[in-house]
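# Observations on the three-dimensional arrangement
The primary structure of each chain is shown beneath.
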Amino acid sequence: MRGVIAEVFEPFRFEGRFYKPLILLFLLVNGLVLVNAYLHDPTQGYDAGDHIRYFRTLAEDHRIPTCADSAQCYIPPLPYMWPALLLAGGWAPWFLVAKVAQLTNVLISLALTYYLLKIGVLLQPNGVILRLSSLALFGILPVFYKTFSLIRGEVYLPLLIVFAA
């Protein structure tokens, strides 16, 4: 068990100890994602209605939306399954489910940045500069924060890529 825990925290360690600047940067990047997702209205955005219609069609009609239902019809249903299940199960009204979908992006961001750090450990096991710089460069992209504050299917793609890597 101790080895598993050490392995989980390995991306945050350097020379046998936790590296505080890396942990702080990780918390800062993901904290900004949390604040943005929490504060942003899920119905606002140039295509917010299409994403909401997508998961509502899954939940209410029990089918994958066509292009007549949502302009996001080209996106596979995986990102919309969680909100659709919540809505179909009657757990919450659609607006609250939309907010949960936004906040799910925070979990995706945490996993994405964590696996980015794990890749850094694989590429440079005895160094921390690659991990620190890759997270910093990733964290300065405004598109990252904008995308992760909205209901989007696209946020799953970078997570799946770094996970596969």
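Data block above holds the structure.
Enumeration over the complete set of coordinates arrives at 2 cavities of 30 Å³ or more. Taken as a whole, the largest cavity spans an internal volume of roughly 70 Å³. Broken down by secondary-structure element, the contributors of at least two residues to the lining of the largest cavity are α4 (78–88) and α5 (94–123). Counted by class, the lining of the largest cavity contains 8 nonpolar, 2 polar and 1 charged residues. Considered as a void within the structure, the second largest cavity measures approximately 60 Å³ in volume. In terms of lining residues, the second largest cavity is bounded by H40, D41, P42, Q44, D47, A48, H51, Q102, S149, L150, I151 and R152. Across the lining of the second largest cavity, the residue classes tally to 4 nonpolar, 5 polar and 3 charged.

All right, on to the nonpolar core then. Membership of the largest hydrophobic core comes to 21 residues, with the highest contact counts inside it found for F144 and F148. Listing elements by their share of this core, those giving two or more residues are α2 (20–39), α5, α7 (142–148) and α8 (156–164). Broken down by element, the residue count for this core peaks at 6 residues, all from α2. When sequence neighbours within four positions are dropped, the list of residues in contact with F148 reads V33, A37, Q102, N105, I108, S109, L112 and V155. F55, A92, A98 and I151 belong to the second largest nonpolar core, which has 15 residues in total.

With that settled, the discussion passes to unusual backbone geometry. At E15, a position not held by glycine, the phi torsion is positive, near 55°. Relative to the assigned elements, E15 resides in the loop between β1 (13–14) and β2 (17–18). Since its relative accessible area comes to 63%, E15 is described here as exposed. Not every positive phi belongs to a glycine, and H62 is a case in point at roughly 55°. Judged by relative accessible area, which is 64%, H62 ranks as exposed.

The next point concerns the packing of aromatic side chains. Inspection of the entire model under this criterion finds 11 aromatic pairs. Taking the centre distance of 4.0 Å and the plane angle of 25° together, the rings of Y54 and Y80 count as stacked. Placement of the pair is Y54 in helix α3 (residues 48–61) and Y80 in helix α4, with a sequence separation of 26 residues. For the pair Y54 and Y80, one class covers both residues: buried. Measuring from ring centre to ring centre gives 5.4 Å for Y114 and Y115, while their planes differ by 80°; the resulting arrangement is edge-to-face. Assessed through its relative accessible area of 16%, Y114 is described here as buried. Judged by its relative accessible area of 26%, Y115 is partly exposed. Here the aromatic cluster, defined as three or more aromatic residues joined through ring pairs, consists of F12, F26, Y114, Y115 and F163. Over the ring of F18 we find R13, and its NZ or CZ is 4.7 Å from the ring centre.

Conventions we followed
- Residues numbered from 1 in each chain as written.
- Predicted model: local features only at pLDDT ≥ 70, side-chain atom pairs only at ≥ 80, totals over all residues.
- Heavy atoms only, no water.
- 1 Å grid on protein atoms, 1.4 Å probe; cavity = no way out; pocket = protein on both sides within 12 Å on 5 of 7 lines; lining within 4 Å.
- Points joined across faces, edges and corners; volume = space filled by probe spheres on them.
- Helix = DSSP H or I, 4+ residues; strand = E, 2+ residues; numbered from the N terminus.
- Nonpolar A, V, L, I, M, F, W, Y, C, P; charged D, E, K, R; others polar.
- Core = buried A, V, L, I, M, F, W, Y, C linked by side-chain atoms within 4.5 Å.
- Buried < 20%, exposed > 50% of the residue type's maximum accessible area, 1.4 Å probe, protein only.
- Contact = heavy atoms within 4.5 Å.
- Phe/Tyr/Trp six-rings, centres within 6.5 Å; stacked < 30°, edge-to-face > 60°.
- Lys NZ or Arg CZ within 6 Å of the ring centre and 35° of its normal.

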